[in-house]
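Below are the chains, spelled out letter by letter.
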Amino acid sequence: MPQHVDDASVGAVLCSPSLLRREVLAGLVVALALIPEAISFSILAGVDPRVGLFASFIMAVSIAFLGGRPAMISAATGAIALVIAPVARDHGLDYLLATVILGGLLQVVFGLAGTAQLMRLLPRSVMVGFVNALAILIFLAQLPHLGIDTHDGLHFGGIPWIVYPMVAAGIAIMVLLPKVTTAIPAPLIAIVLLTGLVLAGGMTVPDVADQGDLPQRLPSLLIPDVPLNLETLQIIAPYAFAMAMVGLLESLMTAKLVDDITDTHSNKHRESWGQGAANVITGFFGGMGGCAMIGQTMINVKVSGARSRVSTFLAGVFLLVLVVGVGDLVGKIPMAALVAVMIMVSVGTFDWHSIAPATLRRIPRSENLVMLLTVVGVVITHNLAIGVVLGTILAFMLFARRVYHLVGVQRDLIDGPGGPPYALYTVTGELFFASSNDLYSQFDYAEDPHRVVIDLTRAHVWDASTVAALDAIETKYNRRDKTVEIVGLNEASSKMHERLTGQLATH
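Everything numeric in this text was worked out from a predicted model, so none of it was measured. (Residues numbered from 1 in each chain as written. Predicted model: local features only at pLDDT ≥ 70, side-chain atom pairs only at ≥ 80, totals over all residues. Heavy atoms only, no water.)

Student: A description of the nonpolar core should follow, citing residues and the corresponding values.
Tutor: Grouped together as the largest cluster of nonpolar side chains are 93 residues, with contacts concentrated most on Ile 39, Ile 84, Leu 96, Val 167, Met 288 and Leu 319. Sorting elements by how many residues they give to this core places helix 2 (residues 17-45) first, with 12 residues. Setting aside residues up to four positions removed in sequence, Leu 319 forms contacts with Ala 31, Leu 34, Ile 35, Leu 53, Ser 56 and Phe 57. Formed by 23 residues, the second largest nonpolar core is a distinct cluster that contains Leu 431, Tyr 440, Ile 473 and Leu 500. (Core = buried A, V, L, I, M, F, W, Y, C linked by side-chain atoms within 4.5 Å. Buried < 20%, exposed > 50% of the residue type's maximum accessible area, 1.4 Å probe, protein only. Helix = DSSP H or I, 4+ residues; strand = E, 2+ residues; numbered from the N terminus. Contact = heavy atoms within 4.5 Å.)

Encoded structure:
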């Protein structure tokens, strides 16, 4: 049986030198790998690198205490960056921080309200579409750094030619190095080598310092300078809601993945409100917010073997020490190196198996359509939440359509023992709004004898729509001076029918 994970594991780690060494090394490796991604996601969001680095530090430290899934890494992510990027672009940093704070508060509310349970309703095809769309958006966000402008037609140029072979070299390092060793993250090696090449060769290429100033001090508490009025709420609320939903979706998906890898359970409710609280704290300290990171969590749990909150906490601490201590060197990292990292993140995020011809043939066409709509919705709107909502709505519509076809009505004319014949209608299947709306037209009101029996032994009444349909059927027969008897209701269906019958409008 999988065991439940709680904070007691922290005490066990602190009392065991071998476990503590494992957690410390895991935290250091994650921190080293977080630096380029935090900077890249800052640029993706259109803010200074310090905003993403502060977010990664504060999110990691906060979630180590507040989260429900030990050893899971939360920091600035591409998903959140993509959602809130329009706020930074159109309204500035203060509005972005206000959005992060409001998004965190919404996550706290959703978590306390048990929203984590609703994540079970997300179909697999929507999740696959979500992941694939995220990968596509991350890739598209790298095109401007390659001199490719897609805003007004397709235009090339504007960067030194040496950037292209540098990006190719970075990708080659990240593809080939893991085949030799995984002791040090390949993205970090690529960044170190390309940075060394630029410094040694005196090359002039776009670097991190061109994107904004790196932090020289610890983050401090601040209040976003925005008007506290309805207009501000109208600006930030849609993005805050999208951030809250995308953050919870990605975090809960990652928590489930770690549960499977470690054969343990985690507290999804605590993780939900914990993510929100961490985002609120992050916003007040000048961070861009974040959520669970699938890639960094896999480094921590699968590669480094970490299992407790200690590794998550130390990842944040080490990140801040590295950035504040060697910030000048970080500013010299060429953008080509980070573009290579993000391209590999995009390639690694995309679920290539989902678009393999053999997979597409095996998966029902309706599920492929849901995945496609999710991807298209996200890519067109650049909003992950909109794509997920569109995909989920389509999935439920297709499901309702399939269930509707599974409902059957069979009519038999029965010779009653010692009495006149009667019409017996046997209804089978799940009766709810989609399947019961047409139930009214399945009866032969004119030709049926005086007595009609509707047998629901092999059916289940799920909602008021079905009760209203049954009432409408009975009313129409009564107008013809015919009696209707409903039999075979199971306990739950009977209670619903007794509570609602006669209380709803009928035809």
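Student: Which residues make up the pattern of salt bridges, and what are the values?
Tutor: For the structure on display, the rule yields seven salt bridges. Taking the shortest distance from any N to any O, the salt bridge between Arg 451 and Glu 485 comes out at 3.1 Å. Within this pair, whereas Arg 451 is found in strand 9 (residues 451-461), its partner Glu 485 is found in strand 10 (residues 483-487), the two being separated by 34 residues in sequence. Accessibility expressed as a relative area gives 36% for Arg 451, which makes it partly exposed. By relative accessible area, Glu 485 is classed as partly exposed at 35%. What you see here is one network of salt bridges that share partners, running through Arg 69, Asp 259 and Lys 268. (Salt bridge = Lys/Arg side-chain N within 4 Å of Asp/Glu carboxyl O.)

Student: Describe in detail the sheet that holds strand 9, supporting the description with residues and values.
Tutor: Read across the open sheet, the four strands follow the order 7-8-9-10; overall the sheet is mixed. Lying at the two open borders of the sheet, with one neighbouring strand each, are strand 7 (408-414) and strand 10. Neighbour-to-neighbour, the strand axes of the sheet open up by a mean angle of 20°, direction not taken into account. Bridge count for strand 9 against strand 10 is five bridges, and the pairing is parallel. Bridge pairing in strand 10 links Val 452 to Val 484. Each of strand 8 (422-431), strand 9 and strand 10 is contacted by helix 19 (residues 464-479), which is oriented at about 175° to strand 9, the strand it contacts most. (Pairing = 2+ DSSP bridges. Axes fitted to C-alpha atoms, helices over the stretch in contact; angles between N-to-C directions.)

Student: Go over the packing of helix 2 against helix 3 (residues 49-66) with me, naming the residues and quoting the values.
Tutor: Between helix 2 and helix 3, the least distance of the axes is 7 Å, while the angle of their chain directions is 130°. Taken together, the axes of helix 2 and helix 3 are oblique relative to one another. Considering the relative orientation of helix 2 and helix 3, their crossing is right-handed. Between helix 2 and helix 3, the residues in contact are Ile 35, Ala 38, Ile 39 and Ser 42 and Pro 49, Val 51, Gly 52, Leu 53 and Ser 56, respectively. Grouping the constituent residues of the contact of helix 2 with helix 3 by class yields six nonpolar, three polar and no charged. (Parallel < 35°, antiparallel > 145°, perpendicular 65-115°, else oblique. Left-handed = near helix turned anticlockwise from the far one by under 90°. Nonpolar A, V, L, I, M, F, W, Y, C, P; charged D, E, K, R; others polar.)

Bear in mind that shape data such as this cannot, by itself, settle questions of function.
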